[in-house]
Amino acid sequence: MAVHISPLPSVDALLRAPEAEVLLSRFGRAALTATVREVLATRRTVRAFGASAADILGETADRLAIRFARSQRPVFNMTGTVLHTNLGRSPMPPEAAEAAAEAMRGATNLEYDLATGQRGERDDHVSFLLRELTGAEAATVVNNNAAAVMLVLNTLALGKEVPVSRGELIEIGGAFRVPDIIARAGAILKEVGTTNRTHPRDYQAAIGAATGAVMRVHQANYAITGFTAMVSTRALSEIAHAAGLPLIEDLGSGSLVDLERWGLPHEPTPRDSLAAGADVVTFSGDKLLGGPQVGLIVGHKSVISAINQNPLKRALRVDKGRLAALEVVLRMYRDPDRLADRLPALRLLTRSEDDIQATAERIRAALLGRWPDRDIDIQPCRSQIGSGALPVDLLPSVAVTIGGIQLKNIRNILMSLPKPVIGRIAKGRLILDCRCLEQADEAPFIAQIMQAADTA
Ligand SMILES: *Cc1c(COP(=O)(O)O)cnc(C)c1O
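Residues numbered from 1 in each chain as written. Predicted model: local features only at pLDDT ≥ 70, side-chain atom pairs only at ≥ 80, totals over all residues. Heavy atoms only, no water.

## Quick word on the environment of Val162
We count it as follows: Secondary structure counts use DSSP, requiring at least four H or I residues in a row for a helix and at least two E residues in a row for a strand, with both numbered from the N terminus. The criterion used for residue contact is that any of the two residues' heavy atoms lie within 4.5 Å.
Looking at the secondary structure, you find Val162 in strand 5 (residues 161-165). Sequence separation of Val162 and Ser302 is 140 residues, and the distance between their C-alpha atoms is 19 Å. Not counting residues up to four positions away in its chain, the partners in contact with Val162 are Leu153, Ala157, Ala187, Ile188, Leu189, Lys190, Ala213, Val214 and Met215.

## Points about the packing of aromatic side chains
Our working rule: The aromatic pairing rule takes the rings of Phe, Tyr and Trp, using the six-membered ring of Trp, and pairs them if the centres are within 6.5 Å, calling planes under 30 degrees apart stacked, those over 60 edge-to-face and the rest tilted. Only lysine NZ and arginine CZ atoms are considered, and such an atom sits over a ring when it is within 6 Å of the ring centre and within 35 degrees of the ring normal.
Inspection of the entire model under this criterion finds 2 aromatic pairs. Pairing Phe76 with Phe445 gives two aromatic rings, centres 5.0 Å apart and planes at 75°, and the pair type is edge-to-face. With Phe76 in strand 1 (residues 76-77) and Phe445 in helix 19 (residues 439-451), this pair connects stretches of sequence that are 369 residues apart. The cationic tip of Lys419 hangs over the ring face of Phe76; the distance from NZ or CZ to the ring centre is 4.2 Å.

## Comments concerning helix 17 (residues 353-370)
Inclusion rule: A helix's residues, less one, multiplied by 1.5 Å, set its expected span. Per-residue accessibility, obtained with a 1.4 Å probe over protein chains only, is compared with the maximum for each type, and a residue is labelled buried under 20%, exposed over 50%, and partly exposed between these values. Throughout, the arc means that of the directions going from the helix axis to the C-beta atoms.
Compared with the 26 Å implied by 1.5 Å per residue over 18 residues, the 26 Å span of helix 17 between its first and last C-alpha is a close match. Those residues of helix 17 that sit buried are Ile356, Thr359, Ala360, Ile363, Ala366, Leu367 and Arg370. On an axial view of helix 17, the arc spanned by its buried residues comes to 130°, and they lie on one face. As for helix 17, its buried residues are in contact with strand 13 (375-383), strand 14 (395-403), strand 17 (429-433) and helix 19.

## Some points on the site of the ligand
Going by this rule: For this purpose, a residue is taken to be near a molecule or strand whenever a single non-hydrogen atom of the residue falls within 4 Å of it. Two N or O atoms count as a polar contact when they lie within 3.5 Å, although within protein this holds only if one can serve as hydrogen donor and the other as acceptor, and sequence-adjacent residues are included solely when both atoms are side-chain atoms. Each residue is assigned to one of three groups, with Ala, Val, Leu, Ile, Met, Phe, Trp, Tyr, Cys and Pro labelled nonpolar, Asp, Glu, Lys and Arg labelled charged, and all others, Gly among them, labelled polar.
The environment of the ligand is made up of 13 residues, and the closest members are Arg89, Ala146, Asp250, Ser284 and Lys287. Side-chain polar atom of Arg89 to an oxygen atom of the ligand: 2.8 Å apart, as the coordinates give it. In this structure, an oxygen atom belonging to the ligand sits 2.7 Å away from a side-chain N or O atom of Ser284. Those elements that place two or more of their residues in the shell around the ligand are helix 7 (145-157) and strand 10 (247-252). Taken together, the residues of the shell around the ligand break down into 5 nonpolar, 5 polar and 3 charged.

## Overview of the domain arrangement of the chain
Rule in force here: As used throughout, domain bounds are those supplied by an automatic or database domain assignment.
Domains assigned within the chain are domain 1 (11-68), domain 2 (76-86 + 347-453) and domain 3 (94-342). Computed over C-alpha atoms, the centres of domain 1 and domain 3 are 53 Å apart.

## Remarks on the sheet that holds strand 12 (residues 295-299)
Condition: Two strands qualify as a pair provided DSSP detects at least 2 bridges between them. The angle between two axes is taken between their N-to-C directions and runs from 0 to 180 degrees, where each axis is a line fitted to C-alpha atoms and a helix contributes only its stretch in contact.
The strand order 4-12-11-10-9 describes an open sheet built from 5 strands, whose pairing is mixed. The open sheet is flanked by strand 4 (138-142) and strand 9 (214-217), the only strands paired with a single partner. Within the sheet, the average angular offset between the axes of one strand and its neighbour, ignoring direction, is 15°. With respect to the sheet, helix 6 (residues 124-134) is in contact with strand 4, strand 11 (280-284) and strand 12, its orientation differing from that of strand 4 by roughly 120°.

## Describing the packing of helix 2 (residues 20-27) against helix 3 (residues 29-45)
What counts, and what does not: In these notes the angle categories are as follows: under 35 degrees is roughly parallel, over 145 is roughly antiparallel, 65 to 115 is roughly perpendicular, and the rest is oblique.
Between helix 2 and helix 3, the least distance of the axes is 7 Å, while the angle of their chain directions is 125°. The angle between helix 2 and helix 3 places the two elements in the oblique class. Touching Ala20, Leu23, Leu24 and Phe27 of helix 2 are Arg29, Ala31 and Leu32, all from helix 3.

## Structural notes on the pattern of salt bridges
Our working definition: For this analysis, a salt bridge means a side-chain nitrogen from Lys or Arg found within 4 Å of a carboxyl oxygen belonging to Asp or Glu.
Enumeration according to the criterion identifies 23 salt bridges in this entry. We note a salt bridge from Glu249 to Arg216, for which the minimum N-O separation is 2.8 Å. With a gap of 33 residues between them, Glu249 in strand 10 and Arg216 in strand 9 connect regions that are remote in the sequence. With respect to burial, Glu249 and Arg216 carry one shared label: buried. For Glu438, the salt bridge identified is with Arg347, shortest N-O distance 2.7 Å. You can see Glu438 sitting in the loop between strand 17 and helix 19 and its partner Arg347 sitting in helix 16 (residues 344-349), a full 91 residues away along the chain. What emerges from the salt-bridge pattern is a single network uniting Glu38, Arg43, Asp55, Glu59, Arg63 and Arg67.

## Side note on the environment of Leu247
Tracing the backbone through its elements, the reader meets Leu247 in strand 10. Take Leu247: its relative accessible area is 0%, and that puts it in the buried class. When the C-alpha atoms of Leu247 and Val281 are compared, they prove to be 8.7 Å apart, with 34 residues separating the residues in sequence. Leave out the neighbours within four places in its chain, and Leu247 touches Val214, Met215, Arg216, Thr233, Leu236, Ser237, Ala240, Ala278, Asp279 and Val280.

## Re the side chain of Asp286
Counting through the fold element by element, Asp286 comes out in the loop between strand 11 and strand 12. Looking at Asp286, its side chain comes within polar contact range of the side chain of Arg89, at 3.0 Å. Residue contacts for Asp286: discarding those within four places in its chain leaves Arg89, Ser90, Gly291, Pro292 and Gln293.

Here it is, written out as structure tokens:
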């Protein structure tokens, strides 16, 4: 018996169909036409004739939605790592994000001096704040701390030796390795001391006619304990200065304020390093500082001015959006009393266990409402600061944990939500640390859990 097969509609007919109108206005003619052609072509190859225009345009709409979906999207960070490098590190205060958006939308006085009508310097918008907050003579800003370290070394020690303790030859995430950075900056690493013990005499023996600068690197993401010795910034600065050399200190996370004030572990500040004799200090803007991704360089006027004359500075400079955000964040540091409320990174790090517990209970109830048969529990856990800061100090926190079969399935469901939920699987359970889910985020979190599909 012969089956009557109607031909597929033409591209023209499809574009004229009423269902095409909304697709046309949303995605434009070029993308719509190309995708309609694609759908028709696949239907032909699988000999799926007889489809209606609505059917074909429906598939076209799905494909277009996927193709036009934004790749980078907000997620819920429930990993327990507050400054998670893979999730974009520090959250920013809304005022800072708004300042960035406003600057990016149009023209600004980025390099224009409104007092004189002459050319200005982009660093001027933040360098006075950095000087005020660190006690430095001068300051500049580049793309990130890796760039800051590279630029400082390239400026002070191009073709020269840089003694660094073997206990500080670190690797941090994303392939930042101190020996590689020194080499790529055009300087020559001179290893000093041993992994666990480095003494003043080791540095003295390493310094010679070929030395360009001495460098100290903060032990960011690890700790050496036991039989250890290291040379303090003050002692090392005396050794460097006696030889007429500058001391560079890479602080990594470098907090601008003493975190002990909020019960957090001590982290060295750029102000301390400079006061102890470092000539130039580098640190990140998006780690403990709680701002945008930038590398901050503070120190002697002569060093900063040499850095600003290095042609590499231009290649590493920061755009107006991030500078605008940085200015807002730095201004917040002028009022340390309110910092823990206004700066999200600090607010999350100092959040009370009781508060996190209350969130966890509401989240557990919502998850049980959606998946009543699941094994869903509340457990104490420990958050990490992240970004290599204070690696041995974990913050007591509370997690909602999900157990039972097909754990990967539930994890995938949570990751495919409009605002994906990122947790971690450990010991056969999916752990959702509630530290970074603030009260204002709970309603949208719960609303989308209610809409979640059964399978991913
Ligand atoms: C994080 C870190 C860096 C790199 O900083 P980025 O801002 O990621 O470029 C360099 N040195 C130390 C000690 C760090 O902790």
